[in-house]
Amino acid sequence: MVSIVMACASQRVMAQDDKVSCQTCHVAQGGELGASVHQELSCQECHSGESTFSISQSELAKYLARSANSHLSFDHGQSFLGKPARKDIPERCGTCHADVSRMNPYGMRTDQLSRYWTSGHGRVLKEKGNDHVAVCIDCHGVHDIKSGRDPHSKTYSLNIPDTCAACHANQALMDEFDLPVEVVSEYRDSVHGKLLFEQGDTGAPTCATCHGNHAAIPPGFSTIGAVCGQCHHHESKMFATSIHAQQEEHKGCVQCHGGGEDSHFHHIERITKPPGLLIQRYAHLLKTQPNPTPAQVAKAIHPGPKQIIMRALPTCMDCHEELEDDESLPKLFNLLDEIAAAEQRYVETANRLDHVGQGVLLVENQRFLFEDAKTHLIALAPTQHTLDNEKVAEKVAALNEVCAQVNQQLDELEAGLTLRYKLLVPIWIFAVLFSIAIYAKYKQLKSQWVKPLK
Ligand code: HEC
Ligand code: HEC
Ligand code: HEC
Ligand code: HEC
Ligand code: HEC
Ligand code: HEC
Ligand code: HEC
Ligand code: HEC
Ligand code: HEC
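Quick caveat: nothing in here was measured; it's all calculated off a predicted structure.

1. Structural notes on the nonpolar core
Nonpolar side chains tend to gather and get buried jointly when the protein is soluble and globular. Ranked by internal contacts, the top residues of the largest apolar core, which has 38 residues, are Y346, V347, F370 and L399. Residue assignment for this core shows that the elements contributing at least two residues are α19 (275–288), α20 (294–301), α21 (306–316), α22 (328–357), α23 (364–383) and α24 (389–449). Examining the composition of this core, we find that twelve residues originate from one element, α22, more than from any other. Residues contacting V347, with those up to four places away along its chain left out, are L278, I279, Y282, V297 and I301. Core analysis: the second largest hydrophobic core is formed by eight residues, L113, W117, V133 and V135 among them.

2. Regarding the site of ligand 4
In the vicinity of ligand 4, 18 residues are found, and the nearest of them are C136, C139, H140, T155 and H214. At a separation of 3.3 Å, an oxygen atom of ligand 4 approaches a polar backbone atom of G148. H214 has a polar side-chain atom sitting 2.8 Å from a nitrogen atom of ligand 4. Elements supplying a minimum of two residues to the shell around ligand 4: α6 (89–97), α8 (112–118) and α10 (136–140). Counted by class, the shell around ligand 4 contains nine nonpolar, eight polar and one charged residues.

3. Quick look at the coordination of the iron atom of ligand 9
Six octahedral donors around a metal ideally subtend angles of 90 or 180 degrees, whereas four tetrahedral donors ideally subtend 109.5 degrees. At the metal site, the iron atom of ligand 9 is ligated by H244 (NE2) and H320 (NE2), and these contacts range over 1.9 Å. Angles of 87 to 180° at the metal separate the six donor atoms of the iron atom of ligand 9, which places the site in the octahedral class. Within this pair, whereas H244 is found in the loop between α17 (233–240) and α18 (253–257), its partner H320 is found in the loop between α21 and α22, the two being separated by 76 residues in sequence.

4. Notes on the coordination of the iron atom of ligand 5
Distances from the iron atom of ligand 5 to its protein donors, H121 (NE2) and H168 (NE2), fall at 2.0 Å. Coordination at the iron atom of ligand 5 comes from six donor atoms whose angles at the metal span 85 to 178°, giving a geometry best classed as octahedral. Taken together, the residues H121 in helix α9 (residues 120–128) and H168 in helix α11 (residues 160–168) connect sequence positions 47 residues apart.

5. Some remarks on the domain arrangement of the protein chain
By domain assignment, the protein chain separates into domain 1 (1–83) and domain 2 (275–433). Taking only C-alpha atoms into account, the centre of domain 1 sits 74 Å from that of domain 2.

6. Considering the pattern of salt bridges
One pass over the structure, following the stated rule, counts twelve salt bridges. Taking the shortest distance from any N to any O, the salt bridge between R115 and D111 comes out at 2.7 Å. D388 is the partner of K391 in a salt bridge, and the nearest nitrogen-oxygen pair spans 3.7 Å. Residue classification places D388 among the partly exposed positions, given a relative accessible area of 27%. Connected through shared salt-bridge partners, R109, D111 and R115 make up one network.

7. Re the site of ligand 2
Ligand 2 sits among 17 residues. The nearest are Q29, C43, C46, H47 and H143. In the environment of ligand 2, an oxygen atom lies 3.0 Å from a nitrogen or oxygen atom belonging to the side chain of Q29. For ligand 2, a nitrogen atom lies 2.8 Å from a polar atom in the side chain of H47. Counting residues per element, the ones that place at least two in the shell around ligand 2 are α2 (22–25), α3 (27–34) and α4 (44–47). A per-element tally of the shell around ligand 2 places α3 first, with three residues. Considering only residue class, the shell around ligand 2 consists of eight nonpolar, eight polar and one charged.

8. A look at the packing of aromatic side chains
If you walk through the whole model with that rule in mind, you get seven aromatic pairs. One aromatic cluster is present, built from ring pairs that chain together F53, Y63 and F74. The side chain of K62 reaches across the aromatic face of Y63, ending 5.9 Å from its centre.

9. Some thoughts on the side chain of E186
Looking at the element boundaries, E186 is found in helix α13 (residues 182–189). For the buried E186, which has no salt bridge, the nearest side chain bearing the opposite charge is R311, at an N-O separation of 10 Å. A distance of 3.3 Å separates a polar side-chain atom of E186 from the backbone nitrogen of H266. For E186, the contacting residues outside a window of four places in its chain are S263, H264, F265, H266 and H267.

Reading the values: the criteria
Residues numbered from 1 in each chain as written. Chains lettered and ligands numbered in written order. Predicted model: local features only at pLDDT ≥ 70, side-chain atom pairs only at ≥ 80, totals over all residues. Heavy atoms only, no water. Core = buried A, V, L, I, M, F, W, Y, C linked by side-chain atoms within 4.5 Å. Buried < 20%, exposed > 50% of the residue type's maximum accessible area, 1.4 Å probe, protein only. Helix = DSSP H or I, 4+ residues; strand = E, 2+ residues; numbered from the N terminus. Contact = heavy atoms within 4.5 Å. Near = heavy atom within 4 Å. Polar contact = N/O pair within 3.5 Å; in protein donor to acceptor, adjacent residues only side chain to side chain. Nonpolar A, V, L, I, M, F, W, Y, C, P; charged D, E, K, R; others polar. Donors = N, O, S within 2.8 Å, 3.2 Å for Na, K, Ca; no water. Tetrahedral: all angles 85-135°; square planar, octahedral: opposite > 155°, others 65-115°. Domains from an automatic or database assignment. Salt bridge = Lys/Arg side-chain N within 4 Å of Asp/Glu carboxyl O. Phe/Tyr/Trp six-rings, centres within 6.5 Å; stacked < 30°, edge-to-face > 60°. Lys NZ or Arg CZ within 6 Å of the ring centre and 35° of its normal. Lys, Arg positive; Asp, Glu negative; His and termini not counted.

Below, the structure written as structure tokens:
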């Protein structure tokens, strides 16, 4: 009933000039806006213009039937601003987003615009008037803007590398600014990129974590420690005490971890492996090689923290001399060798502990004690960033000490077991003799007392 009345009413209006809104003709934009964070905004807040237009039914039909190449135009009226030019977009978005009283009810920060103007993007737009840089809509979308927590958002962590790649992997565009396109593929191949894309771990840094959401300038080598230190506290604390932290030209963490000479600081790789994996690899090695040499163990469990240094070596030579003449580099290799030896001691002990634990002995106390060794082992790699032999030696000693204690207790347990086996021998002999004696006695008593019936 109601719908018939409505249909009649709308027919009546349609017969005369119709009152239509922006969405009547721009259905797609209306739909996108309605499903976005801006669903409460009207079109006029960004485009200005009338709120309704009077238009005849036949004319409206023409507009509704238009296609992308029908070149129809429509007089939107005096106050209409149209499609904002790219260079005006930041200020347009800023009319609300930089207005504290406007954004207060939503508890949102209002520094996006001011930060944007300090970014590499903003500066090039303002100073050179070049609008090939990113403006708000390139990272957020136009009518379909979603919150960064929404997996469909262009700023959702898993989508950010693609959002940046739209320009930063575009060779022609990057050539114009003399920037490398490789940063994107290097990032994808890095430990962080793999963590993000292969494991969906949103704890991994994306482009915007290191470069800032709106202040997209390279972090600068002197502040990289702080950027990486957001997550790698120990390494950056230790690095800060090293001699390199005081060298102005040193590139901080990415001097060693950035992927080496031919890369662009984004190919950060996993070298260290978690202790569990080291133990697994050692056990695997023992299956094919019962008595491995130390070199074989080192190769199998930890194929080379030296890789990092070897790849970075050419960049070290800016300050250091050739390997033969410089004492620093062998010193670093020594540190790494000490760590490798300690790791080896650790996996051997872990393996023995497992082995003994599979028998009749209870090794719970030793397992508990061995947890300390794991703590020391985990602390070793960060400590190495101090480049301080003594600090590393201290940790290595602490680790060795725990391994020695565990090994000693295992020795004692095993010795105890052997002793018990040995003690059993006389007991068995006694038991056997005793049985024989009892049997003999029984035979004797039987022949004495039990007479066969006649
Ligand atoms: C009667 C239909 C109709 C109405 C109502 C209408 N438009 Fe349009 N609009 C058009 C047509 C036709 C074009 C040109 C071709 C196209 O973009 O499809 C256009 C173009 C535009 C453009 C692109 C201009 C450019 O510079 O490229 C914007 C932005 C726009 N309209 C926004 C609005 C807004 C906002 C409203 C409401 C205030 C509105 N329109 C109302 C039909 C309409
Ligand atoms: C938050 C601000 C904002 C709101 C609200 C908004 N627009 Fe837009 N609109 C823009 C911007 C910015 C552009 C320019 C996009 C570009 O340069 O690619 C644009 C472009 C357009 C265009 C040109 C074609 C296109 O899609 O790029 C049309 C048509 C349009 N808007 C219609 C609308 C209509 C209809 C509404 C209301 C339902 C609306 N807009 C609401 C910011 C807005
Ligand atoms: C007329 C005021 C206004 C304009 C103009 C405007 N916004 Fe907004 N925007 C808002 C309001 C209000 C919210 C909060 C909506 C909510 O949380 O319900 C918002 C939310 C957002 C959010 C989501 C934040 C989050 O994480 O939840 C983003 C991103 C955003 N706007 C980007 C833009 C961009 C880009 C432009 C320019 C194209 C723009 N806005 C123009 C008012 C505006
Ligand atoms: C280089 C890409 C990029 C540009 C350009 C950009 N943003 Fe963002 N913006 C982000 C990222 C990434 C986030 C964080 C994820 C999220 O919360 O959406 C963000 C977050 C936001 C938020 C949510 C609140 C906050 O600060 O975390 C608002 C609002 C916003 N941006 C508005 C803008 C406005 C307005 C502009 C233009 C002046 C702009 N953005 C330009 C990438 C960008
Ligand atoms: C619309 C294309 C576009 C998008 C999208 C874009 N950028 Fe840019 N970006 C550029 C251009 C062009 C430059 C060169 C301007 C300059 O010289 O600083 C640039 C410069 C930079 C710089 C500064 C380099 C320097 O040496 O000054 C960084 C860092 C950067 N972008 C990071 C990002 C990140 C992170 C994202 C994604 C969140 C992103 N960009 C998205 C086009 C874009
Ligand atoms: C783990 C942190 C980190 C991540 C993630 C990261 N970057 Fe960087 N980025 C850096 C560092 C460090 C530099 C070099 C600092 C310097 O040049 O002062 C840099 C430099 C850059 C430069 C300037 C390169 C040059 O040669 O001038 C661009 C452009 C850039 N990054 C874009 C990106 C993009 C796009 C992504 C995502 C695909 C990304 N970065 C991810 C840390 C990061
Ligand atoms: C002089 C070269 C060098 C510099 C500079 C350097 N590292 Fe390292 N880093 C290494 C080496 C070599 C390893 C591997 C150590 C190992 O496996 O025992 C390593 C290992 C790591 C690990 C893995 C450690 C673990 O516990 O598994 C992280 C994370 C790390 N570094 C972060 C950083 C950060 C953050 C910075 C800057 C504050 C930095 N590194 C600076 C050489 C360096
Ligand atoms: C947002 C947090 C975050 C930031 C910022 C960050 N990382 Fe990472 N990084 C991680 C996570 C998470 C892992 C994986 C650790 C793991 O699985 O044990 C990782 C792994 C690594 C590894 C490999 C560690 C290993 O055990 O082999 C290195 C090396 C590394 N990061 C260096 C850096 C450097 C250098 C920077 C700065 C340019 C940086 N990271 C910035 C979170 C971060
Ligand atoms: C910006 C210059 C600079 C760069 C680049 C640099 N170093 Fe150094 N490094 C120094 C200075 C200066 C010292 C302290 C003086 C000395 O012992 O020669 C030092 C000391 C060291 C030490 C400690 C020596 C000691 O006795 O305590 C090691 C190890 C070392 N560097 C390794 C490296 C490696 C590996 C690289 C490349 C990944 C590298 N350095 C890159 C400047 C640099």
